[in-house]
Every structure is written in C-alpha cells, then in structure tokens.
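What the coordinates show
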Amino acid sequence: MRKRTIARVLAVVLGAALALGALAGCQSPATGATDQQQANRTYMTKVNQAVEELNTRLGEFDEAVAQESVVNMRNKANSAFEAIDALAAIDTPDAMKDLQTNYVDGCNKLKDALNSYIDLYTEISSATEEAPFDFSAYDGRVKEIQDAYNEGIDKLKAADEEALKLNED
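What you see is a predicted model, and the numbers here were worked out from it, not measured in a lab. (Residues numbered from 1 in each chain as written. Predicted model: local features only at pLDDT ≥ 70, side-chain atom pairs only at ≥ 80, totals over all residues. Heavy atoms only, no water.)

1. Overview of the pattern of salt bridges
The condition that has to hold: Counted as salt bridges are all cases of a side-chain nitrogen of Lys or Arg within 4 Å of a carboxyl oxygen of Asp or Glu. Secondary structure elements follow DSSP: runs of H or I no shorter than four residues count as helices, runs of E no shorter than two count as strands, and numbering proceeds from the N terminus. Partly exposed describes any residue whose relative accessible area lies between the buried limit of under 20% and the exposed limit of over 50%, with all areas from a 1.4 Å probe on protein chains only and scaled to the type maximum.
For the structure on display, the rule yields six salt bridges. Between R57 and E82 there is a salt bridge, with the nearest N and O atoms lying 3.5 Å from each other. Within this pair, whereas R57 is found in helix α2 (residues 35–67), its partner E82 is found in helix α3 (residues 70–88), the two being separated by 25 residues in sequence. Accessibility expressed as a relative area gives 17% for R57, which makes it buried.

2. What to know about helix α5 (residues 138–168)
As a reminder, the rule being used: To estimate how far a helix should extend, the number of its residues minus one is multiplied by 1.5 Å.
Here α5 contains 31 residues, and its C-alpha end-to-end distance of 45 Å stays within 8% of the 45 Å for a straight helix at 1.5 Å per residue. Taken together, the buried positions of α5 are Y138, V142, I145, Q146, A148, Y149, G152, I153, L156, A159, D160 and A163.

3. Here's the deal with the side chain of Q100
For the record, the criterion: It only takes one pair of heavy atoms within 4.5 Å for two residues to be counted as in contact.
Its place among the elements puts Q100 in helix α4 (residues 97–125). The residues contacting Q100, other than those within four sequence positions of it, are Y43, V47, L87, A88, A89, I90 and T92.

4. Some thoughts on the nonpolar core
The condition is simple: Residues belong to a common nonpolar core when they are buried Ala, Val, Leu, Ile, Met, Phe, Trp, Tyr or Cys residues joined through side-chain atoms within 4.5 Å.
Membership of the largest hydrophobic core comes to 40 residues, with the highest contact counts inside it found for Y43, L54, F61, M73, L99 and Y103. At the level of secondary structure, the elements contributing two or more residues to this core comprise α2, α3, α4 and α5. Top element by residues in this core is α4. It accounts for 11 residues. When residues no more than four places from it in sequence are discounted, the contact partners of L99 are Y43, M44, A159, E162, A163 and L166.

5. Overview of unusual backbone geometry
Backbone geometry at E68 places phi at a positive 55°, although glycine is not the residue there. With respect to the secondary-structure elements, E68 resides in the loop between α2 and α3.

6. Remarks on the packing of α2 against α4
Our working definition: Every axis corresponds to a line fitted to the C-alpha atoms, with the helix fit spanning only the stretch in contact, and the corresponding angles, defined between N-to-C directions, vary from 0 to 180 degrees. Should an angle lie under 35 degrees it is considered roughly parallel, over 145 roughly antiparallel, and from 65 to 115 roughly perpendicular; all remaining angles are considered oblique. Each residue is assigned to one of three groups, with Ala, Val, Leu, Ile, Met, Phe, Trp, Tyr, Cys and Pro labelled nonpolar, Asp, Glu, Lys and Arg labelled charged, and all others, Gly among them, labelled polar.
Axis separation between α2 and α4 bottoms out at 13 Å; the angle between their running directions is 10°. It follows that α2 is roughly parallel to α4 by the angle criterion. Seen from α2, the contacting residues are Y43, M44, V47, L54, L58, F61 and V65; seen from α4, they are L99, Q100, Y103, C107, L110, L114, Y117 and I118. Of the residues contributing to the contact of α2 with α4, the split by class is 14 nonpolar, one polar and no charged.

Geometric descriptors of this kind do not, in isolation, establish any biological role.
Set out below in structure tokens:
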C-alpha cells in the first residue's frame, strides 16, 4: 500500500515536469536577428530539446516505479541524470548564463529527489523481519522528497518564466 502511495505521489510530480518542456521552447523567429539574438534562440532550442528528453526519461522512471524494481528505477534515474548533465553542458551565451544556472539548479534538485526516492524505496524493499523499515518516519521522508522535487520544479518554472521575459524583450 505504501509503495503505491509513493508511486502515485511521484507520478503526479513527474507529470508536472512534463509541462516544463512546452515553456522552455517558446521562441518567436525574428527577421534580421543579431548574432546575440540568434545565439539566444539556438540556446533555447537546445534547452527545449534537453527538457523534452528529460521529460521522456522521467516518464521511463515513473514506469520503473510502477514495476517496483529498484534496479530499473536506478537505471532510469541514471538515464534521466544523463539528460540533466546534457542540459548543464549546453554552450550558453553570456546573456543566458543566469537562466542556465536556474535550469541546472532545478535539475540538480530533481536529481537529489530521485536519489532520495530510490534510497527510500530500497530501504522499504530490503526490510526484513529482523530489520524492519520504520514506517513511523515514512510520511516525513516522502514529504521531504516531495519538497525537494517541488523546489526543483519551481526553479525550472522560474527559469522558463525568465526565458519568456527575455523573449519578449
């Protein structure tokens, strides 16, 4: 029962991440764009692609959670981490450095949350009669994981909002 609760909570949170890709790629083409504007558009295109890839991989992680397989969860989390690392490695124009920092900070929070979730699930699944899992701390730990995940999502949303503002200028 508790495993399903964790899976449901994570599924809802991961769904929020899927919405982020739509915002990250909002760019309107302009004629006669300067080199800086073109570099900014190219950057945002790459960010959008990276976020879409991350969303796909987070969906795969959610599927691994549904399978209740720690090995699959770890593999899918590692796959998501590769997408996060790709986002962090994007060549960033000077005008977008703060934006990139916000994206990377948000993604790192997501990494921490996924790792914490896997750790919690591992503890639950490896509990024995001799060494049972302490379910009295379960709700608090799930809340901490949820809060870390939400903080990451909030940072990504703030980066998307900042990108939209930059696009309007």
